[in-house]
There are 2 protein chains.
Amino acid sequence: MGALADPLRLTIVRKLMLESEDYDHSCGWFGFDRPKSSLTHHFKALREAGLIRQRQYGLERRSRVRTEDINQRFPGLLDLVAHWHQD
Amino acid sequence: MGALADPLRLTIVRKLMLESEDYDHSCGWFGFDRPKSSLTHHFKALREAGLIRQRQYGLERRSRVRTEDINQRFPGLLDLVAHWHQD
DNA sequence: TCATTAGTTCGATAAAACTCGTACTTGGTC
DNA sequence: GACCAAGTACGAGTTTTATCGAACTAATGA
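A brief look at the structure comes next. Predicted model only: the values in this text are computed from it and were never measured.

**Some points on helix α2 (residues 36-48) of chain A**
Residue and element names in this part refer to chain A. Helix length check: α2, at 13 residues, gives a terminal C-alpha distance of 18 Å against a target of 18 Å (1.5 Å per residue), a fit within 8%. Every buried residue of α2 is accounted for by L39, H42, F43 and L46. The arc that holds the buried residues of α2, viewed along the axis, is 95°, so those residues lie on one side. Facing away from the buried side of α2, by more than 90 degrees, are the exposed residues S37 and E48. Two residues or fewer past α2, G50 is found with a positive phi of approximately 80°.

**Details of the protein's contact with DNA strand D**
Neighbouring DNA strand D are 21 residues; A:R9, A:S37, A:H42, B:K36 and B:T40 lie closest to it. What you see for DNA strand D is that sugar and phosphate hold 57% of its atoms within 4 Å of the protein. Contact between DNA strand D and A:H41: a phosphate oxygen at 3.1 Å from a side-chain N or O atom of the residue. When contributions to the surface near DNA strand D are tallied by element, the ones reaching two or more residues are α2 of chain A together with α2 (36-48) and β2 (60-65) of chain B.

Cut-offs applied
Residues numbered from 1 in each chain as written. Chains lettered and ligands numbered in written order. Predicted model: local features only at pLDDT ≥ 70, side-chain atom pairs only at ≥ 80, totals over all residues. Heavy atoms only, no water. Helix = DSSP H or I, 4+ residues; strand = E, 2+ residues; numbered from the N terminus. Expected span 1.5 Å × (residues − 1). Buried < 20%, exposed > 50% of the residue type's maximum accessible area, 1.4 Å probe, protein only. Arc of directions from axis to C-beta. Near = heavy atom within 4 Å. Polar contact = N/O pair within 3.5 Å; in protein donor to acceptor, adjacent residues only side chain to side chain.

Printed below as a string of structure tokens:
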């Protein structure tokens, strides 16, 4: 998955997995200090790689990891991501 | 591992794992139709990422996957690579 | 309807990565 | 030594990817 090669995108998936307690989260929730267009770029990459899905809740577009699908297509990938030590 | 994001490097590691029967292999063994300098570039990337080691045998510099080290640092990564279905 | 807010799209620029030719180094052989 | 073969180092050109501003869309609420 080339989509996870980018450090910010890896962080996004990790935060969703490890800190989200089964909720979906909007872009703002992550607290990244980047312009909106940059964030859109990365969320789009994750979406198109099949790693997250997004649903509209009012104004927000909340993201969630596609756990089932990923575990089926790439067994072990999410475990790897979860235990990944940066660098 | 950003080093595995490149398709040729993923192929190199996969071939070493799946077709090498516990031998080390020189660049030529892989049969890639690329200039030497390009291959050096990719083998260097894999070496610096800690994914392979190389030993000199006469003229050749043979490569081998660092299975032990990788399994220790990133448990599950090599299984993932082995079962990876391209695209 | 108007204002606000979350996010997208587009386009331009910058940074990173890949490709590959040329020259060089190293090991082996005659 | 001269020669050849495997691989490296360097540099330049090309391609890919990231970054981000500005204009835009969609949903909400006053």
